[in-house]
Structure formats: structure tokens, C-alpha cells
Amino acid sequence: MKVRIGCDFTYESDGETPMIFLVRPREQYNHTLLEETRLVEPEIAIHQYFDHAGNCFWRLTAPEGKLRLFYDAVAQVEPTPDPVLMELPGTLVQELPDEVLPYILPSRHCQSDLVLAEAWDMFGATTPGWSRVQAICDWIHSNITYGKGSTSNTSGYEAYQARRGVCRDFAHISIMLCRAMNIPARYVCGYLPDIGVPPDPAPMDFHAWFEAFVDGEWRTFDARHNIPRTGRVLIGQGRDAVDVAMTTIYGGSRLLKMRVWADEVPEDYQLSPRPVELKVS
């Protein structure tokens with residue numbers, strides 16, 4: 001299955017402003033990038049680098065005035081929904097690989113040390129492994145209301161106390177509770193098309209979910225939707241949203257417009273670069 005993904009940002013800056021963008025998916029994950037276009041107006045230099053986790057970042061210095069960054073790509077994805085493997089067992093901490101141990105520790109937005117007693121009271125009787133992570137997702141999906149109200153500085157613990165948040169908060173709460181149960185968990189952001197589900201009338205945005213380390217591998221979970229979804233295209237992974245912010249701005253810039261898309265394309269779609277004319281209005 002192929003999906004078209006991308007985004008279109010317009011910023012206005014009071015002067016030269018350093019910016020970092022994280023919008024380009026990994027070239028190969030559970031998806032494969034087949035075609036991509038990146039355009040920026042006015043034309044300025046962009047430096048690409050990869051962090052320790054393999055996330056692809058773009059650095060640039062926006063000039064005074066307007067800057068438009070456009071990204072469009074086609075990715076090949078699995079045509080089936082996220083797998084559900086309820087029988088997978090858990091892993092004792094002493095048997096975990098060294099590289100996943102940091103994902104048990106508290107982080108800025110996933111303060112697992114603040115919910116240790118509550119987490120064990122709620123989920124201590126569940127079966128370790130996939131079933132325990134799914135029990136955490138079920139509780140969050142039933143007890144946290146999806147809706148605006150959080151900000152980029154709202155932590156998972158604050159959203160947990162408020163019982164309200166957006167997809168970013170659902171992911172943070174999930175990670176926080178998993179880590180409290182000694183389950184390595186990490187934050188994931190990416191594109192998620194409406195395939196096999198009723199279309200969401202709200203404008204599309206980037207989506208956040210999480211991965212838990214179950215039976216020796218990182219597995220996909222999404223407490224916000226809490227059903228298997230098709231067509232995920234992963235952009236970045238980190239301890240929490242701080243590690244994989246879509247934009248990081250060092251100065252006075254204002255977001256004037258943002259558009260995000262993720263749509264299935266026909267099976268007979270022919271790969272070919274599409275010329276795109278950019279005009280800043």
C-alpha cells in the first residue's frame with residue numbers, strides 16, 4: 001500500500017532566526033520512502049543531520065520576513081493494521097538489553113517516579129507482557145478525555161492528573177505508566193492516515209503514539225485510538241516529545257500556517273517527481 005504524506009509550514013520572523021525541523025520520516029522502518037520533494041522559499045541553505053536515535057533533522061536560519069517549508073513524499077507501508085500479539089510475555093529487568101534501559105527511567109514529560117504506587121495498584125495483577133501494556137492503554141483510553149487544553153510544556157503527569165489531553169499527552173501518560181511498571185517505553189511521532197476508519201473532520205495533524213519493549217522487540221501501541229491502525233509512517237523516536245519536537249525555534253517567529261496530509265494513493269500510482277510551484281502569500 002502507498003500513502004502520500006507531507007506538510008506545509010509558513011513562518012514569519014522579526015529577524016534571522018535559527019530553526020530545526022523534524023518532518024522527514026526515516027527512509028526505512030515499517031515503511032519505505034519511494035519519492036520525496038522538499039522546497040523552501042526563499043531559497044536558503046538547509047543542513048541535514050541525524051541524532052543518536054537515527055532521527056533526521058533539518059537545520060536552517062530563517063531570514064527576516066516569511067519562510068515557507070514544503071515537504072511531500074510517497075511511502076510504501078504494510079497494507080494490514082498494527083499487529084496484536086496478546087500472548088507475548090514480558091521481560092525481567094535483569095534480562096533487558098543494555099540499550100533499552102534508559103527507556104525505563106523518568107524523563108522530563110514522563111515522570112514515572114511520581115506514579116509508581118498508583119501504577120502497581122492499577123496494573124500489578126495483570127499478566128506481564130503485551131497484556132499488561134494493553135491494560136494500560138485500555139485504562140488511558142477510557143479515563144483520559146481527548147481534547148485541547150494542554151500545551152507543549154504540559155507533562156504526562158499533569159495530563160494524567162487533569163484526565164485530559166491530546167495525542168501527545170496520551171503517549172506521555174502511556175510511557176509514564178509503562179516505565180513505572182518496569183516496561184521500557186518510548187515516544188513516537190509520525191503521519192497517520194485515516195485508512196479503514198471513519199474520516200476525522202478536523203484538519204489533519206502529526207500524530208503521536210508509543211512503543212513498548214515486549215518480548216525482545218519494540219511494539220506499536222496507541223492509547224489515543226486504542227485500535228489497530230493501518231499506514232503509520234514514523235518520523236521520530238525519543239524518550240518523550242522533547243527529543244522529537246517537530247519544530248524548534250531560537251528566536252521571534254510566528255507560525256502563520258500549517259497543513260499536514262497523510263492519504264492512501266491508488267495502487268496504479270506512477271512514481272515521478274511532481275513540480276510544485278511555491279508562492280508565499
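Above this text is the structure in question.
Before going into details, it helps to say that this report is about the structure given with it. (Residues numbered from 1 in each chain as written. Predicted model: local features only at pLDDT ≥ 70, side-chain atom pairs only at ≥ 80, totals over all residues. Heavy atoms only, no water.)

Turning our attention to the nonpolar core. If you look at the biggest cluster of nonpolar residues, it comprises 69 residues, and the most contacted ones within it are Ile 140, Leu 177, Tyr 191, Phe 206 and Phe 210. Residue contributions to this core peak at 9 residues, all from helix α4 (residues 167-180). (Core = buried A, V, L, I, M, F, W, Y, C linked by side-chain atoms within 4.5 Å. Buried < 20%, exposed > 50% of the residue type's maximum accessible area, 1.4 Å probe, protein only. Helix = DSSP H or I, 4+ residues; strand = E, 2+ residues; numbered from the N terminus.)

Turning next to the sheet that holds strand β11 (residues 217-221). Spatial strand order, β11-β10-β9-β12: 4 strands in an open sheet with antiparallel pairing. Among the strands making up the open sheet, the edge pair consists of β11 and β12 (233-238). For this sheet, the mean inter-axis angle between neighbouring strands, taken without regard to orientation, is 35 degrees. Pairing between strand β10 (residues 207-214) and β11: 5 bridges, direction antiparallel. (Pairing = 2+ DSSP bridges. Axes fitted to C-alpha atoms, helices over the stretch in contact; angles between N-to-C directions.)

What follows concerns the side chain of Thr 230. Among the structural elements, Thr 230 can be located in the loop between β11 and β12. Residue class for Thr 230 comes out buried when judged on its relative accessible area of 8%. The residues contacting Thr 230, other than those within four sequence positions of it, are Met 1, Glu 78, Pro 79, Thr 80, Pro 81, Leu 192, Pro 193 and Ile 195. (Contact = heavy atoms within 4.5 Å.)

Below, the discussion takes up the packing of aromatic side chains. Across all of its chains, the model carries 15 aromatic pairs by this definition. On the basis of an interplanar angle of 50 degrees and a centroid distance of 4.5 Å, the ring pair of Trp 130 and Phe 221 is categorised as tilted. One end of the pair, Trp 130, is in helix α2 (residues 130-143); the other, Phe 221, is in strand β11, and 91 residues separate them in sequence. The exposure classification of Trp 130 matches that of Phe 221, with both residues buried. Residues Phe 213 and Trp 218 carry aromatic rings whose centres are separated by 5.3 Å and whose planes lie at 70 degrees to one another, so their mutual orientation is edge-to-face. By relative accessible area, Phe 213 is classed as buried at 9%. The rings of Phe 9, Tyr 11, Phe 21, Tyr 191 and Phe 206 are connected pair by pair, giving a single aromatic cluster. For the cation-ring pair, Arg 224 lies above Tyr 146, with the distance from its terminal atom to the ring centre recorded as 3.6 Å. One Lys or Arg, Arg 232, reaches over the ring of Trp 209 and ends 4.8 Å from the middle of that ring. (Phe/Tyr/Trp six-rings, centres within 6.5 Å; stacked < 30°, edge-to-face > 60°. Lys NZ or Arg CZ within 6 Å of the ring centre and 35° of its normal.)

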